[in-house]
Amino acid sequence: MSVELPLDLGPELSAAQARRIFLEAQSLSRRRPSRRPRDADFATYLERQGVLQLDTVNVLARAHYLPLYSRWGPYEPARLDAFLWGAADGHSAHAFEHWGHEASVMPLDLLPAMHHRMVQATSWKARRRVALESERPGLIAQVTSAVDDSGPLVARDLEHLAPAQGARGSWWDHGHVKDALELLFITGEVAASRGRHFSRTYDAPGRAWGRPPASQGDWGMRPADAHQALFDRALSACGIGTAKDLCDHFRLPYQAGTRTPDVAGGKAWAASAVERGLAQWVSVEGWKEPALLASAEPDAQAPWRRVARDPGRTTGVALLSPFDPVCWFRPRLLRMFGVDYRIEIYTPEPQRVYGYYALPLLVGDRIVARLDLKADRKRGALLVQAAWLEPGRAPGATRMAGDRVAAEAAAELEVMRGWLGLDTIAVADRGDLSTGLAVALAG
């Protein structure tokens, strides 16, 4: 399907306006409230963004804790876990886990839109199933039955069904039971949640979701409708963006390919959003592609919709996780903020530039520094392993003075230290901001 992008765009927005609109949609345009965050704040984030990314990295704090902290300030992580995953039975009235933007927690109203990803036939799923049936005949059926009868369970509860037989070379070197559970999770035959120590638990969809397994139910949206629904949700979450920007929010394919002939692609979804009055086309200073600007009010069917708004000025200050929606799509981060960012966790140490877990520091509408942080819980210290002034500059913005950057960074680190329950902050002598930061913290 070929869809042409518009030639007659509305008035051009400045690069600064686009940044402010995006940060407003991300709940990052204002300083955090002084009160403690509540469940209502967690619900607001999940409803507006539609997705909260998970990751096992815990060098500073769990990945899903940081976006909420960046927007709302210090809170008790256990309270967020209870909101996302419910009580000890692993059932939540608010959310479910699947692959939204990588492994993610999403609001329950998006479950029908994820059904197509569960049931979609892929060569990867087929290979996994064939390999498991070949190596452990009947195990998939056994695991399914056990989860249905006795869930929620963790993988070790079922290891007796397929005792380990030495090291394996297949999927992440998991045991056969874990492989079976992960395949069943991806295909929607079991539901996943989180238990103690962030371990994944598995339960029957009927108990966890109030719906039958994906292969047995007709509760899912048609793929074309699901793609459009996810694109529409991304539009409200971002406020403004190119079609590619918005596709990345839920990892939608921008255009159809040989493996996805039923996918219309970002251009068609964007055109549909404009035609239905959810957005308008605009041009943005310095952007090579036209942008969509969210323009629909919330209603009973879509309470998450928000009209894009320029707050006029931005006063927020926040350290942003590599797993924050602001940082997900590198082309947007470079275009909007002048920041060429790459998470260096998977980069060999000699090749790292900014550090293993470098967090961008947002001040107003500019990203002004990167801090490589680690929580040393044994020492009770927040380690700043490197501190760098951001070499890039947001289009149309002036460069912030180094002493102000150091002061803002020091204040943010003190708040984070308290949130993490650490006693001290230790700054290593690495990076062109490290000396100034150490002085600001001492002062």
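Here, the structure is the one placed above.
The written sequence of each chain sets the order in which its residues are numbered from 1. pLDDT decides what is reported in this predicted model: residues at 70 or higher carry local features, side-chain atom pairs at 80 or more are listed and counted, and totals for whole chains, interfaces and linings draw on all residues regardless. With hydrogens and water excluded, all non-hydrogen atoms of the structure serve as input to the side-chain values.

### As for the nonpolar core
What counts, and what does not: Here the nonpolar core consists of buried residues drawn from Ala, Val, Leu, Ile, Met, Phe, Trp, Tyr and Cys, with membership extended through side-chain atoms lying within 4.5 Å. Exposed residues in this analysis have more than 50% of their type's maximum accessible area, buried residues have under 20%, and partly exposed residues fall in between, with area computed by a 1.4 Å probe over protein chains only. Numbering goes from the N terminus for both helices and strands, where a helix is a DSSP run of H or I of at least four residues and a strand is a run of E of at least two. The criterion used for residue contact is that any of the two residues' heavy atoms lie within 4.5 Å.
Counting residues in each nonpolar core, the largest one holds 58 residues, and the members touching the most others are Trp209, Phe231, Leu235, Ile240, Val284, Leu292 and Phe337. The element contributing the most residues to this core is helix α10 (residues 223-238), with 6 residues. Beyond its immediate sequence surroundings of up to four residues, Phe231 is in contact with Ala243, Leu246, Cys247, Leu252, Gly266, Trp269, Ala270 and Leu292. Within the second largest apolar cluster, 53 residues are counted, among which are Leu68, Trp85, Leu319 and Leu422.

### Section: the sheet that holds strand β2 (residues 52-53)
Just so we agree on the cut-off: Strand pairing is defined by DSSP finding a minimum of two bridges between the two strands. To define axes, lines are fitted to C-alpha atoms, for helices over the stretch in contact only, and angles between the resulting N-to-C directions are given on a 0 to 180 degree scale.
Strand order in the open sheet made by the 3 strands is β2-β4-β3, with antiparallel pairing throughout. If you trace the sheet from one side to the other, it starts and ends with β2 and β3 (95-99), each paired once. When β2 meets strand β4 (residues 103-107), the two strands line up antiparallel, connected through 2 bridges. Across the sheet, Leu52 pairs through a bridge with Val105, a residue of β4. Lying over the sheet, helix α2 (residues 39-49) contacts β2, β3 and β4, oriented at roughly 105° with respect to β4.

### Here we look at the side chain of Gln53
Note the cut-off: Nitrogen and oxygen atoms within 3.5 Å of one another constitute a polar contact, given that in protein one can donate a hydrogen and the other can accept it, and given that sequence-neighbouring residues count only through two side-chain atoms.
When you line up the elements, Gln53 lands in strand β2. Separated by 2.7 Å, the side chains of Gln53 and Trp328 make a polar contact. Residues in contact with Gln53, not counting those within four places in the same chain, are Ala63, His64, His101, Glu102, Ala103, Ser104, Phe323 and Trp328.

### Some details on the packing of α10 against helix α12 (residues 266-275)
Operational definition: Angular relationships are summarised with four words: roughly parallel below 35 degrees, roughly antiparallel beyond 145, roughly perpendicular across 65 to 115, and oblique for the angles in between. Two helices cross in a left-handed way if the nearer one is turned anticlockwise from the farther one by less than a right angle. They cross in a right-handed way if the turn is clockwise. Residue classes follow a fixed rule: Ala, Val, Leu, Ile, Met, Phe, Trp, Tyr, Cys and Pro count as nonpolar, while Asp, Glu, Lys and Arg count as charged, and any other residue, Gly among them, counts as polar.
Running from amino to carboxyl end, α10 crosses α12 at an angle of 70°, the nearest separation of the two axes being 10 Å. By the angle between their axes, α10 is roughly perpendicular relative to α12. As α10 runs across α12, the sense of the crossing is right-handed. Judged by residue contacts, His227, Gln228, Phe231, Asp232 and Leu235 of α10 engage Gly266, Ala268, Trp269, Ala270, Ser272 and Ala273 from α12. Among the residues making up the contact of α10 with α12, the classes are represented as 6 nonpolar, 4 polar and 1 charged.

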